[in-house]
Amino acid sequence: MRIILLGAPGTGKGTQGKFIAEKHKIPQISTGDMLRESIDLKNKIGITIKNVIEEGKLVSDDIVCNLIKERIRKKDCINGFLLDGFPRTVKQAFCLSKNKIKIDYVLEFIMPHQSILERISGRRIHLQSGRIYHVKFSPPKNKDKDDITGEPLIQRKDDKLESIKNRLEEYKKTHHLLVKHYIYEKKIGNVKYFQIDAMNELSLIKEKIDMILEK
Ligand code: ADP
Ligand code: AMP
């Protein structure tokens with residue numbers, strides 16, 4: 001089961017990705033998480049991309065493609081994987097096909113951009129585990145504390161208004177061609193492609209995805 005989740009930032013890919021990965025016992029591979037980890041580790045990639053991420057711009061295709069190629073070679077991907085936040089450009093999509101990485105499902109999360117702002121500005125995360133909360137839609141049991149460890153939740157640096165605007169602008173520039181690419185791939189029978197109404201409640205989206213992946 002090799003799955004791609006497409007969609008603007010804040011549409012719920014990470015949240016649903018966790019459910020899918022758990023149910024199908026495949027790793028959830030988020031380029032955003034991998035890049036944030038590099039920043040925390042202050043390694044070469046981390047130092048190069050820190051400002052790009054905080055401003056909400058896209059990291060170069062070469063950096064993310066190399067990260068993904070290496071990650072997918074690992075043993076835990078043998079029965080499949082879920083890509084969350086990759087590809088974001090057609091060049092990144094071609095990086096998969098050029099490396100003979102076949103994809104079974106592409107799920108595109110769709111939501112009006114006005115609602116995305118509320119989703120992202122209320123997002124809080126537990127950095128160590130990647131658990132995702134929302135102050136209104138998915139609050140932790142205790143304010144600003146992770147449900148499992150009790151450790152503090154944080155707001156991502158790029159979840160501030162100015163960065164969010166840039167991230168949505170970046171998304172608008174690239175997503176149209178990317179979707180066109182996968183609609184073509186669907187037409188020629190290379191992938192199964194579905195659109196998900198990301199405005200629905202968490203549980204409803206989860207059910208819809210379960211149904212799609214059981215087909
Ligand atoms: P993405 O991975 O696409 O950037 P996230 O999964 O991090 O998005 O979700 C963004 C925010 O919206 C999080 O705070 C999350 O708790 C919340 N969220 C996700 N899905 C829903 C939903 N269906 N309804 C309400 N809030 C949601
Ligand atoms: P995300 O966690 O998916 O919201 O990604 C956070 C940030 O990481 C984005 O705003 C980009 O700066 C960077 N990023 C993540 N994935 C990619 C990608 N596939 N291509 C380019 N930049 C990416």
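Calculation rules
- Residues numbered from 1 in each chain as written.
- Chains lettered and ligands numbered in written order.
- Predicted model: local features only at pLDDT ≥ 70, side-chain atom pairs only at ≥ 80, totals over all residues.
- Heavy atoms only, no water.
- UniProt positions renumbered as here; feature names shortened; annotations may be inferred.
- Core = buried A, V, L, I, M, F, W, Y, C linked by side-chain atoms within 4.5 Å.
- Buried < 20%, exposed > 50% of the residue type's maximum accessible area, 1.4 Å probe, protein only.
- Helix = DSSP H or I, 4+ residues; strand = E, 2+ residues; numbered from the N terminus.
- Contact = heavy atoms within 4.5 Å.
- Near = heavy atom within 4 Å.
- Polar contact = N/O pair within 3.5 Å; in protein donor to acceptor, adjacent residues only side chain to side chain.
- Areas by Shrake-Rupley, 256 points an atom, 1.4 Å probe, with all protein chains shown as cover.
- Nonpolar A, V, L, I, M, F, W, Y, C, P; charged D, E, K, R; others polar.
- Phe/Tyr/Trp six-rings, centres within 6.5 Å; stacked < 30°, edge-to-face > 60°.
- Lys NZ or Arg CZ within 6 Å of the ring centre and 35° of its normal.
- Pairing = 2+ DSSP bridges.
- 1 Å grid on protein atoms, 1.4 Å probe; cavity = no way out; pocket = protein on both sides within 12 Å on 5 of 7 lines; lining within 4 Å.
- Points joined across faces, edges and corners; volume = space filled by probe spheres on them.

Identification of the protein as Adenylate kinase from Buchnera aphidicola is taken from an unreviewed UniProt entry. According to UniProt, the comment filed for the protein under the heading Subcellular location (unreviewed entry) is "Cytoplasm". Check the Subunit (unreviewed entry) section of the UniProt entry for the protein; it says "Monomer."

Caption draft 1: How the structure looks around the nonpolar core. Grouped together as the largest cluster of nonpolar side chains are 29 residues, with contacts concentrated most on Leu83, Leu96 and Tyr182. Every element with two or more residues in this core is listed here: strand 1 (2-7), helix 2 (31-41), helix 3 (44-55), helix 4 (61-72), strand 3 (81-84), helix 5 (90-98) and helix 7 (161-187). Considering each element in turn, this core owes the most residues, five residues, to helix 4. With residues near it in sequence (within four places) discarded, Leu83 still touches Ile3, Ile4, Leu5, Ile29, Ile68, Ile72 and Leu96.

Caption draft 2: A look at the UniProt feature "binding site: ATP" (unreviewed entry) in the protein. Annotation from UniProt places "binding site: ATP" (unreviewed entry) at Gly10, Thr11, Gly12, Lys13, Gly14, Thr15, Arg123, Ile132, Tyr133 and Asn200. Its place among the elements puts Gly12 in the loop between strand 1 and helix 1 (13-24). Relative to the helices and strands, Lys13 resides in helix 1. By relative accessible area, Lys13 is classed as buried at 8%.

Caption draft 3: Summary view of the site of ligand 1. Around ligand 1 there are 19 residues in total, and Lys13, Gly14, Thr15, Arg123 and Tyr133 lie nearest to it. Within the side chain of Lys13, an N or O atom sits 2.8 Å from an oxygen atom of ligand 1. Here a nitrogen atom of ligand 1 sits 3.4 Å away from a polar atom, N or O, in the main chain of Leu202. For ligand 1, whose accessible area on its own is 560 Å², the fraction buried by protein is 94%. Of all the secondary structure elements, the ones that give two or more residues to the shell around ligand 1 are helix 1, strand 6 (131-134) and helix 8 (202-214). Counted by class, the shell around ligand 1 contains seven nonpolar, eight polar and four charged residues.

Caption draft 4: Quick peek at the packing of aromatic side chains. Under the criterion given, the structure shown has zero aromatic pairs. Directly above the ring of Phe19 sits Lys206, whose terminal nitrogen or CZ lies 5.3 Å from the centroid.

Caption draft 5: Local environment of the side chain of Ser30. Along the chain, the position of Ser30 falls in strand 2 (residues 28-30). Setting aside residues no more than four positions away along its own chain, Ser30 makes contact with Arg36 and Asp84.

Caption draft 6: Here's a closer look at the pairing of strand 5 (residues 123-126). What you see with strand 5 is no split at all: Arg123 and Ile125 on one side and Arg124 and His126 on the other are buried throughout. As paired strands, strand 5 and strand 6 are joined by four bridges and run antiparallel to one another. The residue of strand 6 that forms the bridge with Arg123 is His134. Hairpin connection between strand 5 and strand 6: a loop of four residues separates the two successive antiparallel strands, and Gly130 in this loop has a positive phi of roughly 80°.

Caption draft 7: Here's a closer look at the site of ligand 2. Ligand 2 sits among 16 residues. The nearest are Thr31, Lys57, Gly85, Arg88 and Gln92. The contact in question runs from an oxygen atom of ligand 2 to an N or O atom on the side chain of Arg36, over 3.0 Å. Protein chains bury 97% of the 490 Å² of accessible surface belonging to ligand 2 in isolation. Sorting elements by how many residues they give to the shell around ligand 2 places helix 2 first, with four residues.

Caption draft 8: Highlighting the layout of surface pockets. Here the second largest pocket is characterised by a volume of approximately 320 Å³. If you list the elements that add at least two residues to the lining of the second largest pocket, you get helix 2 and helix 3. The biggest single contributor to the lining of the second largest pocket is helix 3, with five residues. Among the residues forming the lining of the second largest pocket, the class breakdown is five nonpolar, two polar and eight charged.

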